[in-house]
Amino acid sequence: MTTLHVRLGGGIDEMRQQFIETAKRIDAGENVPDAESSYYFGSYDDMHRILTPSRLAIVVTLAGQGPLSIHEVARRVNRDVEAVKGDVTTLINTGVIDRTADGVEFPYDRIHFEWSAGDQRE
């Protein structure tokens, strides 16, 4: 089962640190497991701007389904095709879902959200 881990905060600095730590482990001869797929948002507001409840419903509908047409996605989320098309475009442009020759796809079986409330303090 493949999972996309959505994380708040950190972003490029956290990814860079993870990369450095992994490289050190490899250099030391340690067995390093495959990296997990992650998507970072700088803040809750950033996440909520992209993953609105209606867009998150699209992502959840696509999870583990393979490519679906926008019409089929709209049918499954019980929404207007044009509204779904706009949300799908946003999700594609931000890299959350992919456009394929056969439709649109969320190439994971599930999505997992991870953050700590204390991480958002200034």
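Criteria and cut-off values
- Residues numbered from 1 in each chain as written.
- Predicted model: local features only at pLDDT ≥ 70, side-chain atom pairs only at ≥ 80, totals over all residues.
- Heavy atoms only, no water.
- Phe/Tyr/Trp six-rings, centres within 6.5 Å; stacked < 30°, edge-to-face > 60°.
- Buried < 20%, exposed > 50% of the residue type's maximum accessible area, 1.4 Å probe, protein only.
- Salt bridge = Lys/Arg side-chain N within 4 Å of Asp/Glu carboxyl O.
- Helix = DSSP H or I, 4+ residues; strand = E, 2+ residues; numbered from the N terminus.

## Digging into the packing of aromatic side chains
Across all of its chains, the model carries two aromatic pairs by this definition. Ring plane angle 45° and centroid distance 4.9 Å describe the contact between Tyr39 and Phe41, whose orientation is recorded as tilted. Phe41 sits in the buried class, given a relative accessible area of 6%.

## A short note on the pattern of salt bridges
Between side chains of opposite charge, a pair can form as their charged atoms come close. Throughout the structure, instances matching the rule amount to seven salt bridges. For the salt bridge of Glu72 with Arg75, the shortest nitrogen-to-oxygen distance reads 2.6 Å. Pair noted here: Glu72 and Arg75 are both in helix α4 (residues 70–77), with a separation of three residues, about one helical turn. Taking relative accessible area as the criterion, Glu72 reaches 21% and is therefore assigned partly exposed. Judged by its relative accessible area of 56%, Arg75 is exposed. Between Lys85 and Glu82 there is a salt bridge, and its shortest N-O distance comes to 3.5 Å. Of this pair, Lys85 and Glu82 both sit in helix α5 (residues 81–93), three residues apart, which is roughly one turn of the helix. Overall, the relative accessible area of 38% leaves Lys85 in the partly exposed class. Through salt bridges with shared partners, a single ionic network connects Arg55, Arg79 and Asp87.

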